[in-house]
Amino acid sequence: MNERILELFQETPEAYVSGEEISRRLNVSRTAIWKHIEELRAAGYEFEAAPRKGYRLVSKPDKWQVTELLQGLKTKVLGQKVHVYGEVDSTQTIAHALVASGASEGTLVLAEAQTAGRGRMGRAWHSPAGKGIWMSLVLTPKVPVYFMPQLTLLSAVALCRAIQKVCRVDIGIKWPNDLLIKGKKVSGILLESSGEDERLKYVIAGIGISVNLKVEDYPEELRSVATSLAIESGTDIKRETLVQAFLLEFEELYALYLQEGFSPIRLLWEALSVTLKRPIRTHTPMGVIEGIADSLDDTGALTVIKGDGERIKVYSGDIELR
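The model shown is predicted, which means the values in this text are computed figures rather than measured ones.

Draft legend 1. A look at the overall build of the protein. Counting secondary structure elements, the protein contains 9 helices and 14 strands. Against the compact-globule benchmark of 20 Å for 322 residues, the protein has a radius of gyration of 22 Å, which places it among compact chains. Judged by the C-alpha coordinates and their principal axes, the protein covers about 75 × 45 × 35 Å. Considering the protein as a whole, with its 322 residues, one finds that 51% of them fall into the buried category. For the protein, the proportion of contacts with a sequence separation of at least 24, taken over those separated by at least 6, is 61%. Charge-centre separation for the protein: the mean point of 40 positive side chains lies 2 Å from the mean point of 42 negative side chains.

Draft legend 2. Representation of unusual backbone geometry. Of note, the amide linkage connecting Trp175 to Pro176 takes the cis form, showing an omega dihedral of 0 degrees. If you trace the backbone, Pro176 turns up in the loop between β6 (172–174) and β7 (178–181). Phi at Asn27 is positive, roughly 60 degrees, even though this residue is not glycine. One can find Asn27 in the loop between α2 (19–26) and α3 (30–42). What makes Asn27 exposed here is its relative accessible area of 71%. Unusually for a residue other than glycine, Arg168 sits at a positive phi of about 55 degrees.

Draft legend 3. Expanded view of the packing of aromatic side chains. Per the stated rule, a full pass over the model turns up 4 aromatic pairs. Ring plane angle 70 degrees and centroid distance 5.7 Å describe the contact between Phe246 and Phe250, whose orientation is recorded as edge-to-face. Of this pair, Phe246 and Phe250 both sit in helix α8 (residues 239–260), 4 residues apart, which is roughly one turn of the helix. In this pair, the class of Phe246 matches that of Phe250, namely buried. Ring plane angle 50 degrees and centroid distance 5.8 Å describe the contact between Phe250 and Tyr254, whose orientation is recorded as tilted.

Draft legend 4. Main features of the pattern of salt bridges. Under the criterion given, the structure shown has 25 salt bridges. One salt bridge connects Asp178 with Lys185, and the closest N-O pair in it is separated by 3.2 Å. According to the relative accessible area criterion, Asp178 is buried, its value standing at 12%. Taking the relative accessible area as the measure of exposure, Lys185 reaches 26% and is therefore partly exposed. Between Asp297 and Lys313 there is a salt bridge, with its nearest N and O atoms 3.5 Å apart. In this pair, Asp297 sits in the loop between β11 (287–296) and β12 (302–305) while Lys313 sits in strand β13 (residues 311–314), placing the two residues 16 residues apart along the sequence. Assessed through its relative accessible area of 35%, Lys313 is described here as partly exposed. Taken together, the shared-partner salt bridges connect Glu11, Glu21, Arg24 and Arg25 into one network.

Conventions adopted
Residues numbered from 1 in each chain as written. Predicted model: local features only at pLDDT ≥ 70, side-chain atom pairs only at ≥ 80, totals over all residues. Heavy atoms only, no water. Helix = DSSP H or I, 4+ residues; strand = E, 2+ residues; numbered from the N terminus. Rg over C-alpha atoms; globule rule 2.2 N^0.38 Å. Buried < 20%, exposed > 50% of the residue type's maximum accessible area, 1.4 Å probe, protein only. Contact = heavy atoms within 4.5 Å. Lys, Arg positive; Asp, Glu negative; His and termini not counted. Charge placed at Lys NZ, Arg CZ, Asp CG, Glu CD. Phe/Tyr/Trp six-rings, centres within 6.5 Å; stacked < 30°, edge-to-face > 60°. Salt bridge = Lys/Arg side-chain N within 4 Å of Asp/Glu carboxyl O.

Printed below as a string of structure tokens:
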């Protein structure tokens, strides 16, 4: 039925089509029409509704151009194998299944929309159709399990640098892996792994980027804390271009990391940080910690200097910038 409704709008582009006309042509009730319009909106189609005029199709969801993406890739490994889906629960779930079926390092999973996108600490991630980059990347680094936090920070550096180059926005990293523009979150990173004998078997880097969302695409409760690259740059961003830039940055930094260790990545992260040298507050197993975020250590932990001068290492958790 949704396809038939879209066909009606395509017959008269830019024109309003009344609910009565749709009802007559498709032999369905006005209530059914409203439900199908809402389904199409959820899938990324934008409609304008006007009294006594009906509905007008304003825009269609952006679709992944896989051929264009692959042709523009400059990487040797990352993204050379791509799996693209329409709507999935989470690209992380798909990537884990692909690894179980033998997927190699560099395999990339892209989705138009996620119904259960996962953020850190079990949080949901708002992932509407055609508006963002919802992806998971398969990695097989030959490093110890306890190096996972370093890979999270590396991912944040690669993404931040790619966004700076493509979008020309003033963006920074909030420890450990949120990307902020003017204090609002535009991207999050979630790494999940499997290990054996204290070595990582594989890592799935899940990346969510709010690319072309408009203010009205966000639930009311997110509008004060979340933003998109399009909102902040004033223009729509080509998703394929940003993915290509990210994969190239990641591949180059990943090679540097495997050759020289975490030190050069740490310096890059610190240069892009919006956390360091600021008062922060965080909940940890040891209780609430307040102090000045001072630096990263060699493991990727955040060193916090409390009011009494005591230096505390924070290894995980959310921080609140004060």
